[in-house]
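So the chains spell out like this:
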Amino acid sequence: SEVLSRNGIGTTWLVASYDLAKSALADERLSNDVRAAHSNVDEGSRAHGLLGLDRPEHARLRGVLSGAFSSGAVERWAPLIESIVNDAIDKFAQRGSSELVQDFCLPVPVAIVHELLGIPEDVRQPARECFDLFARAGIDPLGDVEAEAELDDYVTTLIDYKRVHPADDLGTLLVAARSEGTLHSEEELKAMFLGLLGAGHVSTTQFLGCAFLQLVGSRDRIEQILGPEQAAYRAIDE
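A brief structural summary. Just so it is clear, the structure is predicted and the values come from calculations on it, not from any experiment. (Residues numbered from 1 in each chain as written. Predicted model: local features only at pLDDT ≥ 70, side-chain atom pairs only at ≥ 80, totals over all residues. Heavy atoms only, no water.)

In this section: the overall build of the chain. A count of helical and extended segments in the chain gives eleven helices and two strands. Order of helices (α) and strands (β) in the chain, N terminus to C terminus: β-β-α-α-α-α-α-α-α-α-α-α-α. Taken over 238 residues, the chain has a buried fraction of 31%. Taking as baseline every contact in the chain between residues at least 6 positions apart, the subset at least 24 positions apart corresponds to 56%. Element-wise, carbon and sulfur atoms account for 54% of the exposed surface of the chain, whose accessible area totals about 15300 Å². (Helix = DSSP H or I, 4+ residues; strand = E, 2+ residues; numbered from the N terminus. Buried < 20%, exposed > 50% of the residue type's maximum accessible area, 1.4 Å probe, protein only. Contact = heavy atoms within 4.5 Å. Areas by Shrake-Rupley, 256 points an atom, 1.4 Å probe, with all protein chains shown as cover.)

Throughout the structure, instances matching the rule amount to two aromatic pairs. Ring geometry for Phe69 against Trp77: centres 5.3 Å apart, planes inclined by 90 degrees, an arrangement best described as edge-to-face. What makes Trp77 buried here is its relative accessible area of 17%. Aromatic pair Phe104 and Phe212: ring centres 6.0 Å apart, planes at 80 degrees, arrangement edge-to-face. Of this pair, Phe104 sits in helix α4 (residues 100-105) while Phe212 is found in helix α9 (residues 186-216), placing the two residues 108 residues apart along the sequence. (Phe/Tyr/Trp six-rings, centres within 6.5 Å; stacked < 30°, edge-to-face > 60°.)

Bringing the layout of surface pockets into the picture now. Looking at the second largest pocket, its volume works out to about 360 Å³. Contributing to the lining of the second largest pocket are 15 residues, with Lys91, Pro107, Ala111, Glu121 and Arg124 lying nearest its centre. Secondary structure elements with two or more residues in the lining of the second largest pocket: α3 (71-93) and α5 (107-117). Here the lining of the second largest pocket is built from residues that sort into eight nonpolar, one polar and six charged. (1 Å grid on protein atoms, 1.4 Å probe; cavity = no way out; pocket = protein on both sides within 12 Å on 5 of 7 lines; lining within 4 Å. Points joined across faces, edges and corners; volume = space filled by probe spheres on them. Nonpolar A, V, L, I, M, F, W, Y, C, P; charged D, E, K, R; others polar.)

A few words now on the pattern of salt bridges. Within this structure, the stated rule accounts for twelve salt bridges. Between Arg124 and Glu115 there is a salt bridge whose closest N-O contact spans 3.6 Å. Its relative accessible area of 31% is what places Glu115 among the partly exposed residues. With its nearest N and O atoms 3.4 Å apart, the salt bridge here joins Glu186 to Arg178. (Salt bridge = Lys/Arg side-chain N within 4 Å of Asp/Glu carboxyl O.)

Written as structure tokens, this is what we have:
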């Protein structure tokens with residue numbers, strides 16, 4: 001079908017099976033870079049992040065974060081994630097009820113990804129405002145110029161903060177990669193921050209909301225997950 005996007009009108013295909021998706025992802029004729037399909041795209045000074053590049057550029061950017069997302073590194077994040085989850089639950093547990101999206105699905109991922117970047121609560125935007133900003137900037141097919149400008153300012157604020165407050169976190173890792181030249185420009189640095197923020201909370205918020213929706217409609221599913229510990233792990237397959 002033909003769709004209208006910020007890059008013009010083009011033909012779009014929906015790949016709706018596992019086998020076709022696997023084949024498409026391995027097909028070198030296909031590209032993640034919109035410039036491969038639209039030679040007249042004018043992106044100005046905007047840099048592409050991990051989701052919008054092919055090799056070798058993708059490999060260079062991925063290499064910056066590859067060690068940070070090893071299994072060992074992720075295990076070290078577990079106490080932090082558990083603490084954020086428990087804090088969110090404690091806030092509504094005594095009420096006996098909850099609006100799960102507002103009380104859990106939204107604030108938990110936003111808090112986690114900002115903590116991993118080394119951004120304290122008093123520097124980051126509130127969870128709802130942060131999610132809405134990414135949604136407005138990314139969902140509108142023609143581009144919400146105002147939201148994009150706000151998002152650019154927000155990421156610049158976070159980067160400036162990490163330059164002044166380095167620590168053992170992903171934000172400092174990215175800033176160091178820019179200083180060392182692995183990231184070639186400030187726009188690439190912004191794109192990496194944007195990619196981690198967006199992937200870290202936008203998709204996760206929606207995933208958690210849909211997962212809870214599936215659970216509340218099935219007593220059998222709830223009982224299965226509340227069984228042996230491994231049952232909960234088997235229930236989650238991202």
